[in-house]
Amino acid sequence: MGAHRRKCDWCGSGTPIVRDMEPVNHDYQYWCEECARALIIKGDPIETYRELEGEPIYGRLLEEHCTLKRFYTFATA
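Structure report, in brief. (Residues numbered from 1 in each chain as written. Predicted model: local features only at pLDDT ≥ 70, side-chain atom pairs only at ≥ 80, totals over all residues. Heavy atoms only, no water.)

## So, the side chain of Q29
Here's step 1: Relative to the helices and strands, Q29 is located in the loop between β1 (16-20) and β2 (30-32).
Here's step 2: Here Q29 falls in the buried class, since its relative accessible area comes to 14%.
Here's step 3: Within polar-contact distance, the side chain of Q29 engages the side chain of R19 at 2.9 Å.
Here's step 4: At a separation of 3.1 Å, a polar atom in the side chain of Q29 contacts the main-chain carbonyl oxygen of H26. (Helix = DSSP H or I, 4+ residues; strand = E, 2+ residues; numbered from the N terminus. Buried < 20%, exposed > 50% of the residue type's maximum accessible area, 1.4 Å probe, protein only. Polar contact = N/O pair within 3.5 Å; in protein donor to acceptor, adjacent residues only side chain to side chain.)

Okay, structure coming up:
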């Protein structure tokens, strides 16, 4: 199933913008913008991720909402 047809693994309705490349629970790999923002605000951001829409939407969310001093990895290939 392509990313454009897939739904957010958490809410089940949003279009995923990011994929967690090292999920703790493999049932929750694909996240829509709203759910991804909630993760960041809660203090549990995705650390190794792949952007799905071709734009750095998740990267911008990290910059805007993340106050933790962690290192994040954008996965390529």
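Picking up after the structure, the text goes on.
## Topic: the packing of helix α1 (residues 33-42) against helix α2 (residues 57-65)
Each pair of packed helices gets described by two things: the angle between the helix axes and the distance between those axes.
Here's step 1: The interhelical angle for the contact between α1 and α2, taken along N-to-C directions, is 35°, at an axis separation of 10 Å. Both α1 and α2 take part in a crossing whose hand is right-handed. Contacts between α1 and α2 involve E33, A36, R37, I40 and I41 on the former and, on the latter, I57, Y58, L61, L62 and H65.
Here's step 2: Residues belonging to the contact of α1 with α2 are distributed by class as follows: seven nonpolar, one polar and two charged. (Axes fitted to C-alpha atoms, helices over the stretch in contact; angles between N-to-C directions. Left-handed = near helix turned anticlockwise from the far one by under 90°. Contact = heavy atoms within 4.5 Å. Nonpolar A, V, L, I, M, F, W, Y, C, P; charged D, E, K, R; others polar.)

## Considerations on the packing of aromatic side chains
Here's step 1: Applying the stated criterion across every chain yields a total of four aromatic pairs.
Here's step 2: Consider the rings of W10 and W31, whose centres lie 6.1 Å apart with planes at 20°: the pair is stacked. In this pair, W10 sits in the segment before β1 while W31 sits in strand β2, placing the two residues 21 residues apart along the sequence.
Here's step 3: For W10, a relative accessible area of 56% translates into the label exposed. (Phe/Tyr/Trp six-rings, centres within 6.5 Å; stacked < 30°, edge-to-face > 60°.)

## Digging into the side chain of E51
Here's step 1: Relative to the elements of secondary structure, E51 occurs in strand β3 (residues 48-51).
Here's step 2: It turns out E51 is buried and unbridged, and the closest side chain with the opposite charge, R60, is 7.5 Å from it.
Here's step 3: Within the structure, E51 has its side chain in polar contact with the backbone nitrogen of I57 (distance 3.2 Å).
Here's step 4: Among the polar contacts made by the side chain of E51, one reaches the main-chain amide nitrogen of G59 at a distance of 2.8 Å. (Lys, Arg positive; Asp, Glu negative; His and termini not counted. Salt bridge = Lys/Arg side-chain N within 4 Å of Asp/Glu carboxyl O.)

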